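In case you want the letters, here they are:
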Amino acid sequence: MSFDPSLLAKARHLVVFTGAGISAESGIPTFRDRLSGLWERYEASELASAEGFRRDPALVWGWYEWRRTLVHHAQPNPGHQAIARLAALVPKLTLITQNVDDLHERAGSREALHLHGRLDALRCFACTRPALEIPKPDEPNEGRRVEPPRCTRCNGKLRPSVVWFGEQLPGDVLRAAFTAAEECDLLLSIGTSGVVEPAARIPRLALAAGATVLHLNTQPVAVQGEREFALAGPAGELLPALLRQAFGADA
Ligand code: BJW
Ligand code: ZN
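In the nomenclature of an unreviewed UniProt entry, the chain is known as NAD-dependent protein deacylase of Pseudomonas solani. Taken verbatim from the UniProt record of the chain, the Function (unreviewed entry) comment is "NAD-dependent lysine deacetylase and desuccinylase that specifically removes acetyl and succinyl groups on target proteins. Modulates the activities of several proteins which are inactive in their acylated form."

Following this line, the structure appears as structure tokens:
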């Protein structure tokens, strides 16, 4: 059975849950893509960890600086824009993202729950306090090792304010995301491989609480039961088409 777009038109509380795939069409590599440049030899999980940073801070900081400049120069795509328009088309929308970029906000989404933090905030690896000044991103420069800037208070190394493997997600953000998943009637899971916990629980929680779940992904997604559906294709094409089907040509 295929997804009935009228379910979107009728949704009272819609949850939109996004992963790296929503930003792929803006030129931001996904997490499980082959890495670029110097980082080709490394697993993303080695770079996105406190152990990785401790072992080789310049390697990890260089990777984050490259990603920060990519995001700085990128633009939101039709997928981000369709999600921003959705907020005015349904009674309630909760946007939950695993992404550390700000492309949802720049597309016009007012509030996104960032489960894994943000690239545009820094904190000290030693004393954990937030950095007072954020250095402006450079030109994108692949494959460069860069020494991390220092904390003005304790001279510790600064790190991006993101959630690395083995670290706790921000408790208030995770709780709000779980509650929305349990309360919604429809959840769109867009551009995520669904392998990283605890974020991966979110579509499962929605299904278990009786909601319908629709996956949008370039790769086929295995679905189970009568309330789980999948559409295969790029989010930047699927989402605007879905809005037109649900709300008409002007949506
Ligand atoms: C498109 C597209 C297009 C492409 N259109 N689609 C239970 C079981 C097993 C392990 C664990 C468990 N609980 C916890 C763990 C450990 C670990 C974990 O989950 N490991 C698994 C990998 C096995 N989790 C953690 O460590 C978490 N912390 C935690 O649980 O703390 C509690 C605790 C502490 C101590 C001890 C024990 C417990 C923290 C996880 C933090 C994840 N952080 C990262 C990095 C963030 C910063 C950064 O960006 O650098 O978050 S990892 C990375 O993966 C990033 C992403 O947000 C996240 C998810 O990836 P995502 O978004 O799904 O991207 P991809 O690349 O995987 O997929 C893209 C998809 O898009 C693909 O499907 C494409 O097909 C698709 N696509 N183009 C539509 N145009
Ligand atoms: Zn410090």
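Still to come is the rest of the account.
Enquirer: So what's going on with the overall build of the chain? Which residues, and what values?
Expert: Secondary structure summary: the chain contains ten helices and eight strands in total. Since a compact globule built from 251 residues should have a radius of gyration of about 18 Å, the 19 Å found for the chain is in line with a globular shape. Counting all 251 residues of the chain, 51% fall into the buried class. Within the chain, contacts between residues at least 6 apart in sequence are counted, and of these 70% link residues at least 24 apart. Just so you have it, the chain exposes about 12,300 Å², and 49% of that area is on carbon and sulfur atoms.

Enquirer: Quick rundown of the coordination of the zinc ion (ligand 2)? Include the residues and the values.
Expert: At this site the zinc ion (ligand 2) is bound by C124 (SG), C127 (SG), C151 (SG) and C154 (SG), with donor distances of 2.3 to 2.4 Å. Each of the four donor atoms bound to the zinc ion (ligand 2) contributes to angles spanning 98 to 116°, and the resulting shape is tetrahedral. Exposure remark for C151: the relative accessible area of 7% places this residue in the buried category.

Enquirer: How would you explain the site of ligand 1 if you had to name every residue and give the values?
Expert: Around ligand 1 sit 34 residues in total, of which Y64, R67, G166, S193 and N217 are the nearest. For ligand 1, an oxygen atom lies 2.7 Å from a polar atom in the side chain of T192. At 3.3 Å from a nitrogen atom of ligand 1 is found a side-chain nitrogen or oxygen belonging to T218. Starting from 1,500 Å² of accessible surface for ligand 1 in isolation, the protein chains cover 73%. Put simply, the parts of the chain that give the shell around ligand 1 at least two residues each are helix 2 (21–24) and helix 5 (57–73). In terms of residue class, the shell around ligand 1 is made up of 15 nonpolar, 14 polar and five charged. Residues lining the shell around ligand 1 come from more than one domain, with at least three contributed by each of domain 1 (1–27 + 76–116 + 168–251) and domain 2 (29–73 + 118–162).

Enquirer: Describe the pairing of strand 2 (residues 92–97), and please don't skip the residues or the numbers.
Expert: Note that strand 1 (residues 13–18) and strand 2 share six bridges and pair parallel. Note on strand 2: the bridge partner recorded for V15 is T94.

Enquirer: Report on unusual backbone geometry, specifying residues and quantitative values.
Expert: The omega angle of the peptide bond from E197 to P198 is 0°, so this bond is cis rather than trans. Here P198 is to be found in the loop between strand 6 (186–190) and helix 9 (201–208). We note that T128 has phi near 70°; this positive angle belongs to a residue other than glycine. When you line up the elements, T128 lands in the loop between strand 4 (117–124) and strand 5 (158–162). Assessed through its relative accessible area of 52%, T128 is described here as exposed. Phi at N155 is positive, roughly 70°, even though this residue is not glycine. Assignment of secondary structure puts N155 in the loop between strand 4 and strand 5.

Enquirer: Give a detailed account of the sheet that holds strand 6, specifying residues and quantitative values.
Expert: Here six strands make up an open sheet; going across it, the order is 3-2-1-6-7-8 and the pairing parallel. Each edge of the sheet is formed by a strand with only one pairing partner; in this case those strands are strand 3 (112–114) and strand 8 (228–232). Averaged over all neighbouring strand pairs, the angle between strand axes comes to 20°, with direction disregarded. Where helix 6 (residues 78–86) meets the sheet, its contacts fall on strand 1, strand 2 and strand 6, and the angle it forms with strand 1 comes to roughly 160°.

Enquirer: Residues and numbers for the environment of V162, please.
Expert: Checked against the element boundaries, V162 lands in strand 5. V162 sits in the buried class, given a relative accessible area of 4%. Placed 48 residues apart in sequence, V162 and H114 show a C-alpha to C-alpha distance of 9.4 Å. Excluding anything up to four places from it in sequence, V162 contacts Y64, V100, H116, G117, R118, L119, R123 and E167.

Enquirer: Mind laying out helix 10 (residues 235–247), listing which residues take part and the relevant values?
Expert: Relative to the 18 Å expected for 13 residues at 1.5 Å per residue, helix 10 spans 17 Å between its end C-alpha atoms, a close match to the ideal helical length. Among the residues of helix 10, A235, G236, L238, L239, P240, L242, L243 and A246 are the ones counted as buried. Looking one or two places after helix 10, you find G248, whose phi comes out positive at around 100°.

Reading the values: the criteria
Residues numbered from 1 in each chain as written. Chains lettered and ligands numbered in written order. Predicted model: local features only at pLDDT ≥ 70, side-chain atom pairs only at ≥ 80, totals over all residues. Heavy atoms only, no water. UniProt positions renumbered as here; feature names shortened; annotations may be inferred. Helix = DSSP H or I, 4+ residues; strand = E, 2+ residues; numbered from the N terminus. Rg over C-alpha atoms; globule rule 2.2 N^0.38 Å. Buried < 20%, exposed > 50% of the residue type's maximum accessible area, 1.4 Å probe, protein only. Contact = heavy atoms within 4.5 Å. Areas by Shrake-Rupley, 256 points an atom, 1.4 Å probe, with all protein chains shown as cover. Donors = N, O, S within 2.8 Å, 3.2 Å for Na, K, Ca; no water. Tetrahedral: all angles 85-135°; square planar, octahedral: opposite > 155°, others 65-115°. Near = heavy atom within 4 Å. Polar contact = N/O pair within 3.5 Å; in protein donor to acceptor, adjacent residues only side chain to side chain. Nonpolar A, V, L, I, M, F, W, Y, C, P; charged D, E, K, R; others polar. Domains from an automatic or database assignment. Pairing = 2+ DSSP bridges. Axes fitted to C-alpha atoms, helices over the stretch in contact; angles between N-to-C directions. Expected span 1.5 Å × (residues − 1).

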